[in-house]
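# Observations on chain architecture
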Amino acid sequence: MKMVIAIVQDQDSQNLSEALIEKDFRATKLATTGGFLRAGNTTFLCGVKDERVDELLRVIDGTCGNREQLVSPITPMGGSADSYIPYPVEVEVGGATVFVMPIEKFHQF
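This one's a predicted model, so the numbers in the text were calculated from it and none came from an experiment. (Residues numbered from 1 in each chain as written. Predicted model: local features only at pLDDT ≥ 70, side-chain atom pairs only at ≥ 80, totals over all residues. Heavy atoms only, no water.)

What follows covers the packing of aromatic side chains. What the rule picks out here adds up to zero aromatic pairs. Against the face of Phe25 rests Arg52, its NZ or CZ located 3.9 Å from the ring centre. (Phe/Tyr/Trp six-rings, centres within 6.5 Å; stacked < 30°, edge-to-face > 60°. Lys NZ or Arg CZ within 6 Å of the ring centre and 35° of its normal.)

Here it is in structure tokens:
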């Protein structure tokens, strides 16, 4: 058995949730915040049998796409402003960060 932790953008959260239900995966959703963009994320916790991990990864990959987004940089506080960029920059966001970990025991009460 494996624990799959998938961190996705809020924009992809609903589509992923629906796809997981359709493919009969159970998941717990947590509201989380990313450190780089300081934007809302959703973290899915899924306990799955070893033989279904690849199927789950395909569902996540097919649901969580990359996109370009304009981001306004944060003004430097107290540090050097030499490298500060005062205008929005375009960055690639989206996709998913996924961790697959072994589970020693599983209990459902």
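Picking up after the structure, the text goes on.
A few words on the pattern of salt bridges. Per the counting criterion, the structure on display carries two salt bridges. Asp50 is the salt-bridge partner of Lys2, the closest N and O atoms lying 3.6 Å from each other. Here Asp50 lies in the loop between strand E3 (40-48) and helix H2 (53-63) and Lys2 lies in strand E1 (residues 2-9), a separation of 48 residues in the sequence. Of the charged contacts, one joins Arg52 and Glu55 as a salt bridge, the two residues approaching to 3.2 Å between their closest N and O atoms. Note on Glu55: relative accessible area 25%, which makes it partly exposed. (Salt bridge = Lys/Arg side-chain N within 4 Å of Asp/Glu carboxyl O. Helix = DSSP H or I, 4+ residues; strand = E, 2+ residues; numbered from the N terminus. Buried < 20%, exposed > 50% of the residue type's maximum accessible area, 1.4 Å probe, protein only.)

What follows deals with the packing of helix H1 (residues 10-22) against H2. Running from N to C, H1 and H2 cross one another at 145 degrees; their axes reach a closest spacing of 9 Å. For the pair H1 and H2, the crossing hand works out as right-handed. Between H1, through Asp12, Asn15, Leu16, Ala19 and Leu20, and H2, the contact on the second element is made entirely by Leu56, Val59, Ile60 and Thr63. Partitioning the contact of H1 with H2 into residue classes produces six nonpolar, two polar and one charged. (Axes fitted to C-alpha atoms, helices over the stretch in contact; angles between N-to-C directions. Left-handed = near helix turned anticlockwise from the far one by under 90°. Contact = heavy atoms within 4.5 Å. Nonpolar A, V, L, I, M, F, W, Y, C, P; charged D, E, K, R; others polar.)

Core analysis: the biggest nonpolar cluster contains 15 residues, and Leu16, Leu20, Phe44, Cys46, Val48, Leu56 and Ile60 have the highest contact counts within it. Where this core is concerned, the elements lending two or more residues are E1, H1, E3 and H2. Per element, the largest residue contribution to this core is four residues, and it comes from H2. For Phe44, the contacting residues outside a window of four places in its chain are Val4, Ile5, Ala6, Val8, Ser13, Leu16, Ser17, Leu20, Ala27, Thr28 and Lys29. (Core = buried A, V, L, I, M, F, W, Y, C linked by side-chain atoms within 4.5 Å.)

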